[in-house]
Each structure stands twice: as C-alpha cells, then as structure tokens.
Amino acid sequence: LQMELQAVLMAAGGGSRMMDLTYNTPKPLLPVGNKPLIWYPLNLLERVGFEEVIVITTKEVQKMISTDPKVKLDVKMKLDLVCIQEDADMGTADALRHIQQKVKTDVLVVSCDLITDAALHEVVDLFRAHNATLSMLMSKAHEFTETVPGQKGKKKTGEQRDFVGVDGTGKRLLFMANEADLDEGVVIRKSIMRKHPRMHIKTGLVDAHLYCLKKSVVDFLADNKSISSIRGELVPYLVRKQFSKSTNSPKVIDETHQNLKKNDKIQISSRDEELLHLTQERSCWNDHRGDMSDAYHGGRLRCYVHIMDEGICYRVNTLAAYIEANRLAPKLFDEPAVHPSAVVSERCLIGADSIIGASCQISDKTSIKRSTIGVSTTVREKVKVTNSIIMHGVTIEEGCNIQGSVICSNAVIGRGADIKYCLVGSHSTAREHNSKIAPEKRLTECHRAEVNITYHYKSITYNNCHKVSK
Amino acid sequence: SGLGMFSTIICGFLSPLVVKRLPEHVQVDDPAVVKRLAKKLERQQIPLRSDYGYKVSLFSHLHQYSRKAPLTQLLSIPSTVIHPSIVRLGLQYSQGIVAGSNARSVALLHAFKQVIRDYTTPPNEELSRDLVNKLKPYISFLNQCRPLSASMGNAIKYIKKEISNIPSQCKEEEAKTKLLKCIDRYIEEKIVLAAKAISKYAIEKISDGDVILVYGCSSLVNHILCEAFEKSRKFRVIVVDSRPRLEGREALRRLVQRGISCTYVLISALSYILPEVSKVFLGAHALLANGYVMSRVGTSQIALVARTFNVPVLVCCETYKFCERVQTDSFVSNELDDPDDLMVTRKGKTQLENWQDVSSLGLLNLVYDVTPPDFVDLVITDLGMIPCTSVPVVLRVKNLDQ
C-alpha cells in the first residue's frame, strides 16, 4: 500500500535562546513535566497513528537516549535516528536534504520543541483536499503568565514580529514575512492583491514549526543547496512562488520549482494530469468569487495554514516558554501526579498541580505547590517549594525556601537557602568562564551561613551568589 | 417513519418483478439496519460517521452529516487502511471541492487508477477476485463521506465487471495495464465523447435569437452553450440560481468568460423572467427507469413553471447516468446536506446561529429532487434525442449490449 506521509522530527537544534538550560542538557532532552521534551511531539505523532518516525538529531542526544536510564522515551513507534555533526551548523532544510534518500513520499516535519494538543488532521486535511505543496500549523499566541527568573518584566528583546497574510477563509496562506526582512513596511505585490483583494494580516501568531511538504519540495531542496532553513527561507519562498508567473503556466509539469530532473515519478503524475484537469473543469466549485478566474486562479502551487484558536500550542525555545510548558504539561497526559516509585513522607503537603518524579525522596514537613520535582531528587525537611521547576538529581537541603525558580539538574541547594525567582544552573563540566553558572561548589561554601539570596528582577542571581560566597 | 409512507420497488428489466432489499442509506431510522452497517464498517476497518443535528421527521430515514466533522478525524494520519488517493477523494467530496455528477465520476476513476497502479496481488490470490474485495472498503468509505451518485454507481459496476473478467492466466502487469486502459476508454467514451455528441444534437435545437434558461451549474449544459457560442449561434442565457449552494454563480462566470451575454436571477424570480425565455436546458444527476429526472433541488419547480408558460424543457444527460431505480417522489431516496449551510451571516449577525436550541425548529437542506416526465419535452443523450418515456428502452438496449 502506498505510504501517505512520513514523519520527520527535527531534534538537532541547539536551544540558543535558553543557554542557561541547554548548555548542559541538549534541548530535546530537557525535562518538561518530567518527560524529555522530545517525548511530546513523538507522543503527538503516535496518537494520530504514525508507526515510524525519522528523528534527525546529534550524536550526543542519540547516546543519551540509548544509555541514560532517566531518558525513557516510552514510545511504541519505530524511531530511525539519523545523526548529524553538532558543529556542522545545519539548518532544518539542510537536514531534510541530508535525508533525501530516505524520503519516499510526502513528509510531515515536526520540531522537537513543539508541545501541542492540536488536531493534526486539520493540517493534513488541507494538505490532502487542496493537493497543497505546503500546509502548516499556527496558533494564536497566549500571554505567558508566569514570571521568568532573571528577566526584567515581560519584555521580549529581539523578538521580531511575523506578518502572516491569509485570505478570507483564513486557510490559504498568501503572505509571510518577518519584520527583520522588511526594510520599511510590508510590501505586497499587485499580483497577489489582484487575485485576493481581501487579505487578513495577522501578527500575534506562534508558528508551530509543523509542516506538511510534498515530496517534490524535498527533491527541490536537493537541487537548491542555498536554502538552509525551512522556516526562515523555504516557507517564505514557497508562499511567494504561489503567485509568480512561471508556476501558473500549464507546461510546468511539477508545481514547485525551477529545474527538476524529469524522473519517472513526475511522469506518472503528469500522465493523469489530464484527468485531474478534467475533474476541475467539470466540478462546479471555486475557491474564490468575484473575478473571472478558475479555481485557485489556475495556480498549481498552493500553501495553506491552519490557525488554532483554542488549545495548547507552545514552542519551548525560550525560558519563559519552558516554564509555561511545565505548568501545562500535566494536562497533556494522564499519568498520576506523584510517581509510584517516589518516597513521599506522610507529613508533607503536595499540591494537586505538582508533579513528583520517579525515585524522589520527599521528607517531612515539606510543602510543594505548583511545582515539578524531577527524577531522583531529594528534598529534605521543612522545605517550601512554590511555582518552581526542579530538575533531576537535585538535592535540596533542609529549611530551604524556593519560589518561582528553576533549579537545573544535579544542583545542590544548601541548607536554609532562600531562593526567589532564580535560575540555578546545573553542575556540569561546563565552561568556567561563564559566570552565569552557579556551580555546586559555590553554594556549598555558604552552606552553614544563613544564605539569603533574594532576587527581584534587577541583577542576575549568579552574580549575587558570587558576592555572597566571597 | 418517513419510509413507511412510501415504498420503492426496484425492478430488474429482463427478469420478473423482484422486490430487493432496500439499500441501507434510506433506512437510517431503523436501528437494526444501522447496527448491520456499523458491523460491516468495523469489519472493513472504516470509521462510522455519525449523523448531525435534528432531522426533519419526513426525512429522518436519511443520513445528515456535518462538514465540520470530517471522517478523517477518526482515521489514522498516514492513512494505512485506505489508499491515500481515496482519502483525498473522500475529503474533496465531503468538502464540496469535487461536486457535480461528471466531476465526481471522473475523480473516482482517477483515484481507482492510482489504486490499481499501487496494487500488488498477494500470494495465493487472484487479481480478479482480490482487487474487487480491496475496492469494497474504499467504496464504503466514499459512501460515508458523501452518498454515491448514480453515475458513480454505474462506473463502479463497470470497473468491477472489468476486473472480474480478467482471465486468471493473465499476468499482473498486463492485467493492470488492461484495467487502466479500460478506465481511460470509459471516461473517453461515456463522458468526453458523449458530451461532444450531445452538443452536436443540442446545437441543432438552438436557433439564433434564442433566450435559453439554465439552472445551477451543470457541466454538460455549460459545455453545450460554450460549443454553440463557438459555432456562432446568437443567443443569450438566463442563469437561475438558488440557495444555499448558489452554484449558478460559477455557471455565470464560465459563460461570461466565454463572452456569452447572461442574466442572473434567483429562483424566486422565475415566473417573472419566464415570459422572455424560449427554451429551458436542464442538466440531470440521473435518469430513472420510469422516465423521471433526478436533478438538483429546484429543477422540478423550473420544469413545472416552464410547462405552465409553454416553454420547451430539454434535459441533457449522458447514458451512463441512466439508472435502473424507479422513484416517483423526492422523499424516498435523497441526500441531506449539512443544515448549517442554511445559516447566513449578514452584517455580523447570524440569525439561525442557535437553531439547535429551538426544539421545534428543523433545518432541511435537500440536494436532489425528481421531475416527472410530463414536464420534460425532450431528453438529449449521446444516443440521440429521445422522449423521457424511452429511457427503459435505452436501458434494455444497454443491458443487451453488455
């Protein structure tokens, strides 16, 4: 039976916007709700019915998946891991070109940092019904409500807006540009306005980085090595190409682009082009009204987008998104909040919206509210943890008070520490010169003293700690 | 039930009167039949599409689906049980992207070509039997997306016959090429060439100075008018349209694009415009064995009013749409479209938005109706111009041929 879609999961990205978290743990393996980040898109694919996925990732991640017991992927699908060099600086389109031989049919490209409960069939139905070249998922952006440690207020620096233009139905993608690429204003070609006089331009959308692409696009990438990022270059190119003159001429057999080698597959599709043309001619349907053109204006390249109004859709690529995702992650799976193997003393208060990971030890008189406690973490007596994310292997000594913070894996929080809105980096063989890291040893020096690291948006925790230890 | 009031007898023509079992799609209010259908679909691994909204009691024996609940949300995403081109086709049917009896048949045959190309005979099986069994779940799936049209039914019968007639010693590649050629030939003969033949006959009936009335968007009638215009006949066209489909707009676009001068009215203005009309050309979805014409809802109204004004009504229909069913009314076998299509938003307000909350309100969106042969003056087919009552003769001749 002909395979309809192949899933490709891009898990080689660096997480450059949250270096505090990813300098030690690769982004696909960051724990969200005590599951590695990569589990979420894999689970989404498994739920809709995929049986195998091609995962493009780095050797480091592959090693950790196969050796680290804490990283359990728990998926029944067959994972075909393709490794690329970490320092190869490959964009997503480069990665797709790398696996061109494995791609036998249309692809569904997903990013490893996508957490969503979207109905994927909406995106794929647009791809199928309109015989589209590209179909993607976007969502209305929701304000992040949680405070982010180490940041002044909610201002997002360096985030430039994306302008997305859709037609009256809200499904056909007409225009896509990022503020960075626009010099003075949004420029829309006359040819687009003539065909679609009514365009809705939206800015507050989150791109889920989930794309359905035709196989011919992957073949096109093989011939056009200058395109290196799907989101940054390929998608805007395809959206623009919908309206360019060459793609509307009937003699172009393959819809996409310039010089494709006429291989057998394309000949087969062109054999039945007449029947498709006959169907369209006899069908009394048109996608637009008001002008004299045929359906789709006779264009053969079409891009569609499904914009989610409600539901969860996050890309965990910034610290703020990471924290928000941790809050919402429990809603996406039905496992019990407290792992059965965790040893939890009876005299502690664990809020209903907290998650306790496997093999934890929670001692008496602790209070854990709206927090995530990672695997194999030890929490000693009289500790208060609120609104925080504690990763794996952390030790929190007695009497600590942790609020609104992120404590990375294997850190040790000394006795009596009062940590508010801080990010404590993980112990690691990391770069010494980076003074943002609070290495383990600095905290234990303050272990006996009443360490009070109170932090209110102004300076960075690590510097403060540095001062105290001195 | 609605069905209890009327009965349908399906006749076989060369055999004595036989009462066959009623098809399940007109017995939706009978729980036993629905259960049987559910079991069959489960066996074929096709999801069951559930009905939507309150159904008007006279039509409660028919399915009523919502476009917002496509069948694909119950299928796995890389579709494994159903061939991808069939899934695509089902989506296009349910969303109305492929609409119109000819378009649906061509699209169906195109999808079957893909299926045949990708088919491999399993070991110890014969292509002639296994391929037919493979097609059965696909046909159930398409039926769930949108009830099959009469033309599609005839096309499927033809394909099944061709597949079963493949000799067992025929090699797979040869058999597949033969089937693909058959399909191409069927489309070429029954649709493309038939359209050419019908245009030739119809153009004889169009004289200069004619005012022709057409209803909705019939691909065949549009084809005839474009051909006539190219043969330099001088005429003008009045396009009559009706809600909720408003297909006449598409017909209007196609005719005006060619240069034909057109007038556009809604069906409520029919008796106003008819005194100007010299002929009425109607398309058909199917021609029934008792001479009734099954076509888009509103056609029988047009034929009736035209008869009252003594305007000749000509129905254009290819022979592959002739159907052995007999129907005398539009209730027994029809199609109920999505009732939400009847909601209209004007100036930001949708009056019928909460129609489901009003218990005494039902929205009925019928697709087809049946026109008696008394209102039809001539049927133009690829075999020639025949009166409506000669349809059984054509069917008999076709059966003899086969």
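Thresholds, definitions, all that
Residues numbered from 1 in each chain as written. Chains lettered and ligands numbered in written order. Predicted model: local features only at pLDDT ≥ 70, side-chain atom pairs only at ≥ 80, totals over all residues. Heavy atoms only, no water. UniProt positions renumbered as here; feature names shortened; annotations may be inferred. Salt bridge = Lys/Arg side-chain N within 4 Å of Asp/Glu carboxyl O. Helix = DSSP H or I, 4+ residues; strand = E, 2+ residues; numbered from the N terminus. Buried < 20%, exposed > 50% of the residue type's maximum accessible area, 1.4 Å probe, protein only. Contact = heavy atoms within 4.5 Å. Buried area = accessible area lost by both parts, 1.4 Å probe. Pairing = 2+ DSSP bridges.

The name an unreviewed UniProt entry assigns to chain B is Translation initiation factor eIF2B subunit delta, from the organism Oncorhynchus mykiss. Per its UniProt entry, chain B bears the Sequence similarities (unreviewed entry) comment "Belongs to the eIF-2B alpha/beta/delta subunits family." Regarding chain B, the relevant UniProt record gives this comment under Subcellular location (unreviewed entry): "Cytoplasm, Cytosol".

In the nomenclature of an unreviewed UniProt entry, chain A corresponds to Translation initiation factor eIF2B subunit gamma from the organism Oncorhynchus mykiss. For the record of chain A, the UniProt heading Sequence similarities (unreviewed entry) holds the text "Belongs to the eIF-2B gamma/epsilon subunits family." If you open the UniProt record of chain A and go to Subcellular location (unreviewed entry), you find "Cytoplasm, Cytosol".

Q: Run through the pattern of salt bridges, naming residues and quoting values.
A: Residues and elements named next belong to chain B. In the structure shown here, the tally under the stated rule is 36 salt bridges over all chains. In this structure, arginine 307 engages aspartate 377 in a salt bridge whose closest nitrogen and oxygen atoms are separated by 3.3 Å. Residue arginine 307 is located in helix α11 (residues 299-308), and its partner aspartate 377 is located in the loop between β10 (368-371) and β11 (378-381); the two are separated by 70 residues in the primary sequence. The exposure class assigned to arginine 307 is partly exposed, which follows from its relative accessible area of 33%. Overall, the relative accessible area of 34% leaves aspartate 377 in the partly exposed class. Connected through salt bridges with shared partners, the residues Arg67, Arg245, Glu247, Arg296, Asp337 and Asp341 form a single ionic network.

Q: So, the interface of chain A and chain B: which residues are in play, and what are the values?
A: Taken together, the 36 residues of chain A in the interface contact 47 residues of chain B. For the pairing of chain A and chain B, the buried interface totals around 3,600 Å² over both sides, and the portion due to carbon and sulfur atoms is 59%. The largest contributions to the chain A side of the interface with chain B come from Arg128, Arg282 and Cys284 of chain A, which together make up 21% of the buried area. Connecting chain A to chain B are one salt bridge. Close ionic contact of arginine 253 of chain B with aspartate 294 of chain A constitutes a salt bridge, the shortest N to O distance being 3.1 Å.

Q: With reference to specific residues and values, describe the sheet that holds strand β20 (residues 372-373) of chain A.
A: All names here are of chain A. In space, the five strands of this open sheet follow the order β17-β20-β23-β26-β29, with parallel pairing throughout. For this open sheet the edge positions go to β17 (355-356) and β29 (423-424), each flanked by a neighbour on one side alone. As judged from the two bridges shared by strand β26 (residues 406-407) and β29, these two strands associate in the parallel manner. Residue pairing across strands places isoleucine 407 opposite valine 424, the latter belonging to β29.

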